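# Examination of the molecular architecture
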Amino acid sequence: MTTQSHLERLNPEQRAAIETTEGPLLVLAGAGTGKTRVLTTRFAHILLSGKAKPWQILAVTFTNKAAREMRERISLLIGEPAEGLWLGTFHALCARMLRRHAEYVGLRSGFLILDTDDQLRLVKQVIEPWRIDVKRWPLPGLLGVIQRWKDRGLTPDRVTAAEDNGYADGHAQAIYAAYQTRLRELNACDFGDLMLHIVEILRTRPDVLEQYHRLFRYILVDEYQDTNTVQYLWLRLLARRNDAPSNICCVGDDDQSIYSWRGAEVENILRFEKDFPGAKIIRLERNYRSTAQILGAAAGLIAHNDGRLGKTLRPGREDAEGEPVQIVSIWDSDAEAREVCKRIEALRRDDHTLREIAILVRAGFQTRAFEERLVQFGIPYRIVGGLRFYERAEIRDALAYMRVLVNPVDDLAFERIVNVPKRGVGTAALQKLHAEARTARSGLAVAVENLLQSGAFRGKSQEKLTSLMQTFAQHRRVLEREGHIVAVNGLLEDSGYIEMWRTDNSPDAPGRLENLKELVRALADFGTLGEFLEHVALVMDAEGAAEEDRVSVMTLHGAKGLEFDTVFLPGWEEGVFPSQRTLDEGGDKGLEEERRLAYVGITRARHRAIILHAASRRIYANWQESMPSRFLDELPDEYVEREGETATRRERQDYSGFFRSSVFSDSQNSTMAPLIARKRRTPVHEDLISNTPQIGVGARVFHQKFGYGVVISADHGATEVAFEEAGTRRVMSSYLQTVSG
DNA sequence: GCGAATGTTTTTTTT
DNA sequence: AAACATTCGC
């Protein structure tokens, strides 16, 4: 390949983004404007023009998928396998760096990377001295607080008292410190530490920093709008230098920033010019993906956001006319799923590929309704990003066995599997083990040996534990002599783990055995068990072999970066989308992020986008009315076509106060249902409401179960009451009695 | 220590 | 309604 040929068939902006190699550059790449192409071509261009060797370019992505894709496309461009590159996710690259310098943060190079389960087990141990009420302060929440500090680059000593805002009665910072100490004792890292530690090293060890300054001549960053503070700090440390300009190129789209809940700061991209003086900005605005109508609708929507860097997508294709975005109003959530399936069936009859159809939902729970209906219609589908391979219990168990095999002092893994399958080790025995481990200053495995010696276990557990320990010892020898595949196979078999699933009668047991086989098969791709475990810890997604013709069902977040001919966007209702929780927690900023999510959703579509909303939705067991999403009003009329009933703002109010009548649950034609139901509005529910005493805020009340309390807030059925004994709870107002006093 | 029975909560989004 | 956790009886 010649130096120039890869630059052909690029538009002028893309070309500029590739050829501007020196100095800081921000490429604002709107949806569908060829972002990945620019990134990969730029990488190849730097190589082919001889400006840097492969290992002198740092290329960072957020997902493993993006990293894989980039690697493949670079190989194609340069005509050889792209190996030995610093190309990967933030976490994978940081892990690689941290292995080299672990000792500067009190770790050894072989440190463990913990998964979420391990983290939970660990904080559970750590909080003991504080006697935290885990009912009131759930552990995942505590881990969340710690994670957010880590996202912001705050080591325990950097957390100010003001930051410790109340979680776990204001002990969060102290717990954080203890947790970090415990991690060091275990020679372990959680996910956040990979970033946090390396940033700490780079900011305190100029010599190490300089090493990387010498190494990396060019830095490429994908999805810059999603970087959190530590990631930003890491990039800034690596990019800013005294001796040379910062050859950092960040590609991103402020309109697609949808990960603030994970600590991402849109400000990072908005501030780029200040961070890197002399930065150039190139806008990619020509969209080669979607029709003019889809782009118009998306642009109209996103225009409602403030504080954008400003960018307008223009159709880049000549044939970009097409159908307007459809807004379909439907009676209820069952009808919504049915309607989507009907339309998919129609598309299928017209020879559309199912692979090119997606249903994009706001939150995971929405997928279930579609799943059921798709099955009923006999439409092949796949749920993308549901429970991932490495998150399944059997996979985690098997991995824990492997971890103990390579590392006898991996207590977190050991604790996971001592009693799986059942070996008579319950909470009491486990406590004994911990106590023994503490006094012997050893790992749990050694504690087991000690207690076995002293005969602390009763008959069956004594026997089973002895056998378990022997099995481990034996397969450690096998591991050395015959390699990891044989050893793992034997271990899972002899420990009784495989047998446990074989004798399990539950319907998903065969599937689990299949997964285990798959896992063992994957071992063959790695030279050692250690390598395999490292890969698994960092690459939590397994490559789906699915290139079959199926409809994709996934969350809007999961759909980022993908595109489909036809996209269904159900559930555009207030409370669902925009999500009530985001609104409550994030206010106007939250709303803007939801709007960006809507923008991401619409721009996934090449030819057709169909938005749906239902007037009534089943939540838990009962039905709840819902108003059309405000985003529907924000879509410009000239690009949309509204069908079904009641999609306009004037009629919105009409929704409040009518209930779904069960008489019409199934047989009705969905688009007609609202009309009929409105006429037949049954008085039953109204009776219920009028019979319920309206209790005002501030009233003193009595509840059979919770005792006396004061009403804090009241809406239709649910009332929030601060009880004297039972704390603040939401209860049904019909169960309350007002009392004087 | 285990399984059944009872009570409680659930709906973001993920490297 | 269903999954989940905790309690209870053996």
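In this report, the structure presented in the accompanying data block is examined. (Residues numbered from 1 in each chain as written. Chains lettered and ligands numbered in written order. Predicted model: local features only at pLDDT ≥ 70, side-chain atom pairs only at ≥ 80, totals over all residues. Heavy atoms only, no water.)

## A closer look at the protein's contact with DNA strand B
So the rule is basically this: Nearness of a residue to a molecule or strand requires only that one of the residue's heavy atoms be within 4 Å of it. Nitrogen and oxygen atoms within 3.5 Å of one another constitute a polar contact, given that in protein one can donate a hydrogen and the other can accept it, and given that sequence-neighbouring residues count only through two side-chain atoms. Going along the chain from the N terminus, every DSSP run of H or I of four or more residues is numbered as a helix, and every run of E of two or more is numbered as a strand.
Close to DNA strand B lie 25 residues, the nearest being Phe62, Arg362, Gly364, Arg388 and Arg581. The sugar-phosphate share of atoms of DNA strand B within 4 Å of the protein amounts to 54%. Between DNA strand B and the protein, one listed contact pairs a base oxygen with a side-chain N or O atom of Thr582 at 3.2 Å. Of all elements in the fold, only helix 18 (427–440) and helix 26 (580–602) reach the threshold of two or more residues within the surface near DNA strand B.

## Remarks on the pairing of strand 15 (residues 564–569)
Condition: Any residue under 20% of the maximum accessible area for its type is buried, any over 50% is exposed, and the rest in between are partly exposed; the area is computed with a 1.4 Å probe on protein chains only. Paired strands, in this sense, are two strands between which DSSP finds at least two bridges.
Burial of strand 15 is extensive: six of the six residues sit out of reach of the surface. Of the strand pairs in this sheet, strand 12 (residues 357–361) and strand 15 are connected by three bridges, and their pairing is parallel. Counted as the bridge partner of Ala358 is Val567 from strand 15.

## Digging into the packing of helix 8 (residues 191–204) against helix 10 (residues 229–239)
Axis angle and axis distance: for two packed helices, these are the angle between their axes and the distance between the axes, and together they describe the pair. For clarity, the cut-off: Lines fitted to C-alpha atoms define the axes, with helix axes restricted to the stretch in contact, and inter-axis angles between N-to-C directions lie between 0 and 180 degrees. By convention the crossing between two helices is left-handed if the near helix lies anticlockwise of the far one by an angle smaller than a right angle, and right-handed if it lies clockwise. We call two residues in contact whenever any of their non-hydrogen atoms come within 4.5 Å of each other. Basically, the charged four are Asp, Glu, Lys and Arg, the nonpolar ten are Ala, Val, Leu, Ile, Met, Phe, Trp, Tyr, Cys and Pro, and anything else, Gly included, counts as polar.
As a packed pair, helix 8 and helix 10 sit with axes 10 Å apart at the nearest point and diverge in direction by 35°. Classified by chirality, the crossing of helix 10 by helix 8 is left-handed. Residues Met195, Leu196, Ile198, Val199, Leu202 and Arg203 of helix 8 touch helix 10, and the partners they reach there are Val230, Gln231, Leu233, Trp234, Leu237 and Leu238. A per-class count over the contact of helix 8 with helix 10 returns 10 nonpolar, one polar and one charged.

## What about the side chain of Gln56?
As for its position among the elements, Gln56 is in the loop between helix 2 (35–48) and strand 2 (57–61). Accessibility expressed as a relative area gives 12% for Gln56, which makes it buried. Here Lys53 takes part through its backbone nitrogen, which lies 2.8 Å from a polar atom of the side chain of Gln56. Excluding residues that lie within four positions of it along the chain, Gln56 makes contacts with Leu215, Phe216, Arg217 and Tyr218.

## Notes on helix 20 (residues 459–482)
Note the threshold: By this rule, a helix spans an expected 1.5 Å times one less than how many residues it contains.
For helix 20, which comprises 24 residues, the first-to-last C-alpha distance of 34 Å matches the rise-based estimate of 34 Å (1.5 Å per residue) to within 8%. All of the buried residues along helix 20 are Ser461, Leu465, Leu468, Met469, Thr471, Phe472, His475 and Val478. For helix 20, the elements touching its buried residues are helix 16 (393–406), helix 17 (411–417), helix 19 (444–453) and helix 21 (484–494). Of the residues trailing helix 20, Gly483 is marked for its positive phi of about 90°.

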